[in-house]
Amino acid sequence: CGEKKEDSYFWFRDDIVNGKSGDSNRILARRILKIYAHIWEKENKTTDNRISIHDLRGAAYMNLNKRGGKNVVDYRYLKYYVWMYQAFIRKEIELINPEIIICGGTYELLKSIVDQETEAKMIDLKHPSYHFMSDEDYVDEFDKKYKEKI
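Residues numbered from 1 in each chain as written. Predicted model: local features only at pLDDT ≥ 70, side-chain atom pairs only at ≥ 80, totals over all residues. Heavy atoms only, no water.

A. Examining the pattern of salt bridges more closely. The tally for this structure, following the rule as stated, stands at six salt bridges. A salt bridge links R31 to D135, with the shortest nitrogen-to-oxygen separation between them at 2.8 Å. Of the two residues, R31 sits in helix α2 (residues 23–43) while D135 sits in helix α6 (residues 135–149), which places them 104 residues apart along the sequence. Close ionic contact of K91 with E94 constitutes a salt bridge, the shortest N to O distance being 3.5 Å. Note that K91 and E94 are positioned in helix α4 (residues 86–96) at a spacing of three residues, about one turn of the helix. One network of salt bridges, in which partners are shared, links R30, R31 and D135. (Salt bridge = Lys/Arg side-chain N within 4 Å of Asp/Glu carboxyl O. Helix = DSSP H or I, 4+ residues; strand = E, 2+ residues; numbered from the N terminus.)

Listed below in C-alpha cells is the structure:
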C-alpha cells in the first residue's frame with residue numbers, strides 16, 4: 001500500500017481549488033461545499049462560513065449508480081439498478097451513517113429502499129450539478145427543505 005496523501009480525502013478537491021474538471025463537477029463540488037458551510041454556520045451560530053476543503057472530512061458523496069454514466073439518467077435503468085443492488089446501497093449508507101442525505105433527484109427511489117432503516121434526514125433536491133439554478137438558490141432550497149425536516 002502506498003502512503004495516503006493529506007489532500008486525497010475528497011475526489012473533488014481539484015475541482016474547487018484548481019478547477020481541473022468539467023463544469024458539472026465544479027458545480028457539484030462547489031455546492032456540496034456551500035451546503036456544508038451553510039450547515040456549519042447554522043449549527044455553530046456563526047456568520048463565519050469560511051469552510052475549506054479540509055473541513056469536509058465530515059461529509060461524504062455517493063452515487064446510487066456505481067457504474068458511472070452520462071449527464072442524463074434513464075430512470076428506468078436507474079430504478080432497476082437500485083432495486084438490484086439495494087443491499088449494497090443500504091450497507092454503504094449504514095457505514096457512512098449520515099445525519100443528512102441530499103437526494104439529487106433520487107428521493108423517492110432512495111426512500112423506497114432505506115426510509116425505515118436510517119435516521120438521517122433525507123432532503124429532496126435537484127442534483128447538485130443542475131445548471132439552471134444559482135448556487136444561492138440551491139442553498140436556499142436546501143435550507144427550506146431542511147427546516148421542514150427538523
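B. Geometry of a nonpolar patch on the surface. A contiguous nonpolar patch, built from Y80, W83, M84, Y85 and F88 and spanning about 610 Å² of accessible area, is present on the exposed surface. Among the elements that line the nonpolar patch, the one with the most residues is helix α3 (residues 75–84), at three residues. (Patch = residues over 30% accessible without salt bridge, like charges linked within 9 Å, V, L, I, M, F, W, Y side chains within 5 Å. Areas by Shrake-Rupley, 256 points an atom, 1.4 Å probe, with all protein chains shown as cover.)

C. Here's a closer look at the packing of aromatic side chains. Scanning all chains against the criterion turns up five aromatic pairs. With a centroid separation of 5.9 Å and an interplanar angle of 35 degrees, the aromatic rings of Y80 and W83 are classed as tilted. Of the two residues, Y80 and W83 are both situated in helix α3; the distance of three residues between them amounts to about one turn of the helix. Pairing Y130 with F132 gives two aromatic rings, centres 5.7 Å apart and planes at 70 degrees, and the pair type is edge-to-face. Feature note: the residues Y81, Y85 and F88 constitute an aromatic cluster, connected by ring pairs. (Phe/Tyr/Trp six-rings, centres within 6.5 Å; stacked < 30°, edge-to-face > 60°.)

D. Representation of the nonpolar core. Core analysis: the largest hydrophobic core is formed by 14 residues, its most contacted members being L64, V82, I89, I101, L110 and M122. Put simply, the parts of the chain that give this core at least two residues each are α3, α4, β1 (100–104) and α5 (107–114). Broken down by element, this core gets its largest block of residues, five residues, from α5. Ignoring anything within four residues of it in the chain, the contact list for I89 reads M62, L64, V82, L110 and I113. (Core = buried A, V, L, I, M, F, W, Y, C linked by side-chain atoms within 4.5 Å. Buried < 20%, exposed > 50% of the residue type's maximum accessible area, 1.4 Å probe, protein only. Contact = heavy atoms within 4.5 Å.)

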